[in-house]
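Tertiary structure, described
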Amino acid sequence: MLQERQDTVAPDEFTAFQMRLEVKHNAPVNGEYRTLVLNAPKHLLDLCRPGQFFNLLCPQTGGETPYLRRPMSIYGFYPERNELHFLYKVTGAGTRALSVLRDGDDLDVFGPLGTPFSIEDHWRHLVLVARGVGLATLAPLALEANRLDRKLTAVCSARHPDFLMSTDYFRQLGAEVIAVTDSDGSSGLENLRAILENLIARRKADAFFTCGSNRMLRLLQQIGETHGIPGQIALEQQMACGIGMCQCCVRPFRRDHAVVNLRVCLEGPVFDIAEAIAW
C-alpha cells in the first residue's frame, strides 16, 4: 500500500516512495549475514538502479527503539517477481530488529535513493572488487553488466570461505570469480595487486567497481592511476534523512583540483573512485 510520495531534486532528478512492504522471506545465508526479501510493486522496482539504497524504518522490538532509519544498499530488484532484496549483518539495535521480522510482517521503506553506478559504452570488461557485505551493493551491478553483454570479473573477499557470498550468483551471470580469504592469506594486498595486474595484462580490466573497503580503495586508486583505468566506488556512511537535508553524511572529496564536501546520500553513494579520499 502506498503511504506517501516524496519527490526530491538531486544531481539528476529522481522519484522516491515511502511504502509499507510485506516480508516474503527473512533468513540467514551463512553464520554472519541474512537476506531480507520484500514484496514490492513493479512501479517501485522499475525505479531502482544498481548502487542505490533504501532507508528502512526498523521495527521496535525486544525493548529496543531504533530512532533513525537505517540506510541499506539494494542487493537485488526483480520486477518480474515483485521482489526487493537486502543483505545485512546483525550488528546493532536496528539490524537486530530487522532479524525478527517474519513472513507476512510489513516494513516501512523509503527509496530508491542516491546516485547509482554507471557503465560507459566503451567499458567492455568490468572488474568488481568487494569484501563481505560490500558484495551486496555490487550484485545488481553484475546483473546490469550481464544485461548489457559486458565481460565481468568478480574478486570476492572474506575472512573465511564460509563467509564468501554471491560467488555462485556471479558465476550464473557469466563472471570469472576469484575468491580470496584471510584464513589462507590470499586476501592480502600484495596478492590482490598481483590479481589485478594480471587482469590488466590480459586486457580484462576497462573499469574498476568497489564498495566500502578503505584498503581496496587505496589499492584501486594506485593501480588505476598507474594504468589509466577509471572506476567507481559505493561508499558507506552514517545517514539520517537519506535525501541530503540533514547533512549527516557529508565527507570530503577531491574534485576539480580542490577538496569539496559532498553528501554521500545525495551526490553519492556512488562516486568516481579518483575523487574519494581514504579515511
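Residues numbered from 1 in each chain as written. Predicted model: local features only at pLDDT ≥ 70, side-chain atom pairs only at ≥ 80, totals over all residues. Heavy atoms only, no water.

**A few points about the UniProt feature "binding site: FAD" (unreviewed entry) in the protein chain**
The criterion, for reference: UniProt positions are given in the numbering used here, feature names are shortened, and annotations may be inferred rather than shown by experiment. Going along the chain from the N terminus, every DSSP run of H or I of four or more residues is numbered as a helix, and every run of E of two or more is numbered as a strand. Only protein chains enter the accessibility calculation, which uses a 1.4 Å probe. A residue is then buried if its area is under 20% of the maximum for its type, exposed if over 50%, and partly exposed in between. Only heavy atoms enter the contact rule, under which two residues are in contact if any of them lie within 4.5 Å.
The UniProt record marks Arg70, Pro71, Met72, Ser73, Gly94 and Thr95 with the feature "binding site: FAD" (unreviewed entry), using the residue numbering of this structure. Note on placement: Pro71 falls in strand β5 (residues 70–73). According to the relative accessible area criterion, Pro71 is partly exposed, its value standing at 30%. Sequence-distant contacts of Pro71, defined by excluding residues within four places in its chain, comprise Phe53, Phe54, Asn55, Gln237 and Met239. Within the element layout of this structure, Ser73 appears in strand β5.

**Description of helix α6 (residues 214–227)**
For an α-helix, the turn length of 3.6 residues means that residues three or four places apart are oriented alike. Cut-off, in case you're wondering: To estimate the expected span of a helix, subtract one from its residue number and multiply by 1.5 Å. In protein, a polar contact means a hydrogen-donor-capable atom and an acceptor-capable atom, both N or O and within 3.5 Å, with residues adjacent in sequence counting only if both atoms are side-chain atoms; elsewhere, any N or O pair within 3.5 Å suffices.
In this model, α6 (14 residues) spans 20 Å end to end at C-alpha, consistent with the 20 Å of a helix rising 1.5 Å per residue. Among the residues making up α6, those that are buried are Asn214, Met216, Leu217, Leu219, Leu220, Gln221, Ile223 and Gly224. Those residues of α6 that are buried lie in contact with β9 (125–131), β10 (151–158), α5 (189–201), β12 (207–211) and β13 (231–234). Two or three places before Met216, at the start of α6, stands the capping residue Ser213, its side-chain oxygen 3.3 Å from that residue's backbone nitrogen.

**A closer look at unusual backbone geometry**
Omega for the bond connecting Gly111 with Pro112 falls within 30 degrees of zero, at 0 degrees, which places this linkage in the cis form. Cis geometry marks the peptide bond from Gly268 to Pro269, where omega comes out at 10 degrees. Structurally, Pro269 is set in the loop between β15 (258–263) and β16 (270–272). The residue Asp149 is not glycine, and still its phi comes out positive at about 60 degrees. Position of Asp149 among the secondary structure elements: in the loop between α3 (134–147) and β10. On the accessibility criterion, Asp149 (59% relative accessible area) is exposed. Despite not being glycine, Ser166 shows a phi value in the positive range, around 70 degrees.

**Quick notes on α5**
Between its first and last C-alpha atoms α5 spans 18 Å; for 13 residues at 1.5 Å apiece the expected length is 18 Å, and the two agree. Packed against the buried residues of α5 are β9, β10, β11 (176–181), β12 and α6. At the exit of α5 stands Arg203, carrying a positive phi of roughly 60 degrees.

**Looking at the pattern of salt bridges**
The test is simple: When a carboxyl oxygen of Asp or Glu lies within 4 Å of a side-chain nitrogen of Lys or Arg, that pair is called a salt bridge.
A full pass over the atoms with the stated rule returns 15 salt bridges. Measuring nitrogen to oxygen at the nearest pair gives 2.8 Å for the salt bridge that ties Glu275 to Arg255. Of this pair, Glu275 sits in the segment after β16 while Arg255 sits in strand β14 (residues 250–255), placing them 20 residues apart in sequence. Of the residues examined, Glu275 reaches a relative accessible area of 15% and is grouped as buried. The class for Arg255 is partly exposed, based on a relative accessible area of 30%. A network of salt bridges, in which partner residues are shared, links Arg20, Arg69, Asp106 and Asp108.

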